Amino acid sequence: MPKTLNYLHSKNMMKITRKLNNRSKKYIPLYALLMGILLSCGKKEKILNLEKRTLVETVYASGSIVPKNEYKVYALGDGIITKEFVKEGEEVKAGQALFNIKSETQKARLESAKTNLNIAEQNIGYNSPILNEAQIALRTAQIKFQQDSLNFIRYKNVFEAKAMSTSEFDKVKLTYELSRNELKARAETYRKIRNQISAEYQNALSQYRISAEDESNYLISSRIDGILYKVFFKEGELIRKSERIAIIGEKNQFVIELNIDETDIAKIKIGQEVWIKIDVFGDKIFKAKINKIYPQINPTEQSFQVDAIFEGEVPLSLSGLSVEANILIQKKEGAWVIPKRLLVGKDSVWVRKEGKKQKIKIQKGIENYDFVEIMDKLDAQTEILDIND
């Protein structure tokens, strides 16, 4: 086919296609409307009535079981764990050694502090070489001053008797004054040396005590009677200062730490009953009560922590188990309720009165995930429409 015919043929086909598309668009809304009418005619409204139930309102929470008075054991210095005195799951007593940590740096620091203390003790002791030297110098100055004092007094009398020239007396007087000044200088030097070595001794003693205390930090002991639940390092491993070594808590005494969504925390009160489900125990339910509410929100999780304690049966001595909980907020016997899905918005329902469909507002009472209590305007004969069914 020539190119001109090809072009005309293509142009005509495009026009025909556009007409068909435009014609189809006119019929699509009409088709959709007809289908909607047919579907709505085929849907029946289900009628429900109020029913009496025991309604329980709860708040869901999740968390874990931890030992009561649990505390984390931290390393107070860098080093290598050379000895683990207690194994996981074993009982410990307050003050009992748990781990020994060896640090060559700390060992060298302690030895240096001890050497400095020994030198300081020698310097301040009875046979102190520094003090003895200063004392000898002071004693020599005292003897010389005593001798020069006697000479000064004797020659002064001679001078006053005019049996001695002024120049000769001035020499005696100068020797006396120099001797007196030397004695003062030697006494001052002795006092300074004594104060200096006393300060050096106190400083060396303090440094030794600090190093010795630091050395004791490398022998890690328990603060309480309890169970060693978890150990994070093994013998021979390097540990850094402030790293967690272990977890210790009381024996057979547990706390359930629960996380409550910030939208529900206002409903939680001390003493509320809690039903606990633990995965390892299947469908068995344990009872507990809220005993502590923490006021600080967790900004990451947007939740608050509350603690609960078991009442009655306590699960096995296993720490760290995950739990799911329902906290009882309120319970009402014989409440008139409807399924929660019948609500329109937050406080309305569809009803049929005198053959007419109406939307009315209602006053809600307590509610849970499935049902809501109706407090007014409806009775047992009211036909409630389930348009969501």
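Keep in mind the model is a prediction, meaning the values are calculated, not measured.

Visitor: I would appreciate a short explanation of the overall build of the protein chain in the present structure.
Guide: Scanning the protein chain for helices and strands turns up four helices and 20 strands. Taken across its 389 residues, the protein chain has 29% of its residues classed as buried. Once local pairs closer than 6 in sequence are excluded, the contacts in the protein chain between residues at least 24 apart make up 72%. When the accessible surface of the protein chain is totalled, it reaches about 25600 Å², and 52% of it is carbon and sulfur.

Visitor: Looking at this structure, I do not really get the sheet that holds strand 4 (residues 79–84). What am I missing?
Guide: Through backbone hydrogen bonds, the strands of a sheet pair up, either in parallel or in antiparallel fashion. Pairing is antiparallel in the open sheet, where four strands are placed in the order 7-6-4-9. The outermost strands of the open sheet, each flanked by one partner alone, are strand 7 (219–221) and strand 9 (238–239).

Visitor: What am I meant to see in the layout of surface pockets here?
Guide: Remark: the empty space left among the atoms is shown by a probe the size of a water molecule rolled over them. Quantified by volume, the largest pocket comes out at close to 260 Å³. Every residue lining the largest pocket is counted, 16 residues in all, and those nearest its centre are Lys68, Phe254, Val255, Asn291 and Ile309. Put simply, the parts of the chain that give the lining of the largest pocket at least two residues each are strand 2 (51–67), strand 11 (254–261), strand 13 (285–293) and strand 14 (303–311). The residue makeup of the lining of the largest pocket, split by class, is eight nonpolar, four polar and four charged.

Visitor: Help me understand the environment of Phe152, please; the structure alone is not making it clear to me.
Guide: Within the fold, Phe152 resides in helix 3 (residues 129–160). The exposure class assigned to Phe152 is buried, which follows from its relative accessible area of 16%. Here the alpha-carbon distance between Phe152 and Asp170, two residues 18 residues apart in the chain, equals 9.7 Å. When residues no more than four places from it in sequence are discounted, the contact partners of Phe152 are Phe169, Val172, Lys173 and Tyr176.

Visitor: Explain helix 3 to me, please; I cannot follow it from the model alone.
Guide: Within an α-helix, residues lying three or four positions from one another point in the same direction, as the helix has 3.6 residues per turn. Here helix 3 is 32 residues long and its end C-alpha atoms lie 46 Å apart, about the 46 Å a rise of 1.5 Å per residue gives. Where helix 3 is concerned, the buried positions are Leu131, Ala134, Ala137, Leu138, Ala141, Phe145, Asp148, Ser149, Asn151 and Phe152. Phi turns positive one or two residues past the end of helix 3, at Lys162, with a value near 60°.

Visitor: When you look at the confidence of the model for the protein chain in this model, what are you seeing that I'm missing?
Guide: The predicted coordinates of low-pLDDT regions are not to be read in fine detail. In the predicted model, the protein chain carries a mean pLDDT of 82, and the fraction of residues at 70 or more is 86%. Within the model, pLDDT remains below 50 along residues 1–43, and this stretch shows three contacts once partners closer than five positions in the same chain are excluded.

Visitor: Quick question: what am I supposed to make of the sheet that holds strand 3 (residues 71–74) here?
Guide: What the four strands build is an open sheet, ordered 3-10-8-5; its pairing is antiparallel. A single partner strand is all that each edge strand has here, and the edge strands are strand 3 and strand 5 (91–92). Note that strand 8 (residues 226–231) and strand 10 (residues 244–249) share four bridges and pair antiparallel. The residue of strand 10 that forms the bridge with Lys230 is Ile247.

Visitor: What exactly am I supposed to notice about the nonpolar core here?
Guide: Soluble globular proteins: nonpolar side chains tend toward being buried together. With 25 residues, the main nonpolar core has Ile256, Leu258, Ile260, Ile268, Val274, Ile276 and Ile327 as its most contacted residues. Mapped onto this core, the elements with two or more residues apiece are strand 2, strand 8, strand 11, strand 12 (273–278), strand 13, strand 14 and strand 15 (322–339). Those residues in contact with Ile256 that lie beyond four places of it in its chain are Ser64, Ile276, Ala288, Val306, Asp307, Ala308, Phe310 and Val323. Core analysis: the second largest hydrophobic core is formed by 18 residues, Val73, Val86, Tyr218 and Ile248 among them.

Visitor: What am I meant to see in unusual backbone geometry here?
Guide: As a rule of thumb, non-glycine residues mostly have phi less than zero, and peptide bonds are mostly trans rather than cis. The backbone phi angle of Ser242 is positive, close to 75°, even though this residue is not glycine. Within the secondary structure, Ser242 is located in the loop between strand 9 and strand 10. The class of Ser242 is exposed, set by a relative accessible area of 52%. In this structure, Gln302 is a non-glycine residue whose phi angle is positive, near 55°. Tracing the backbone through its elements, the reader meets Gln302 in the loop between strand 13 and strand 14.

Visitor: Explanation requested: the pattern of salt bridges in the structure shown.
Guide: Once their charged atoms are close, side chains differing in charge can pair, the charge on each being opposite to the other. Taken as a whole and assessed by the stated rule, the structure comprises 15 salt bridges. Among the charged side chains, a salt-bridge network with shared partners connects Glu57, Asp264 and Lys267.

Scoring rules and cut-offs
- Residues numbered from 1 in each chain as written.
- Predicted model: local features only at pLDDT ≥ 70, side-chain atom pairs only at ≥ 80, totals over all residues.
- Heavy atoms only, no water.
- Helix = DSSP H or I, 4+ residues; strand = E, 2+ residues; numbered from the N terminus.
- Buried < 20%, exposed > 50% of the residue type's maximum accessible area, 1.4 Å probe, protein only.
- Contact = heavy atoms within 4.5 Å.
- Areas by Shrake-Rupley, 256 points an atom, 1.4 Å probe, with all protein chains shown as cover.
- Pairing = 2+ DSSP bridges.
- 1 Å grid on protein atoms, 1.4 Å probe; cavity = no way out; pocket = protein on both sides within 12 Å on 5 of 7 lines; lining within 4 Å.
- Points joined across faces, edges and corners; volume = space filled by probe spheres on them.
- Nonpolar A, V, L, I, M, F, W, Y, C, P; charged D, E, K, R; others polar.
- Expected span 1.5 Å × (residues − 1).
- pLDDT = per-residue confidence, 0-100.
- Core = buried A, V, L, I, M, F, W, Y, C linked by side-chain atoms within 4.5 Å.
- Salt bridge = Lys/Arg side-chain N within 4 Å of Asp/Glu carboxyl O.

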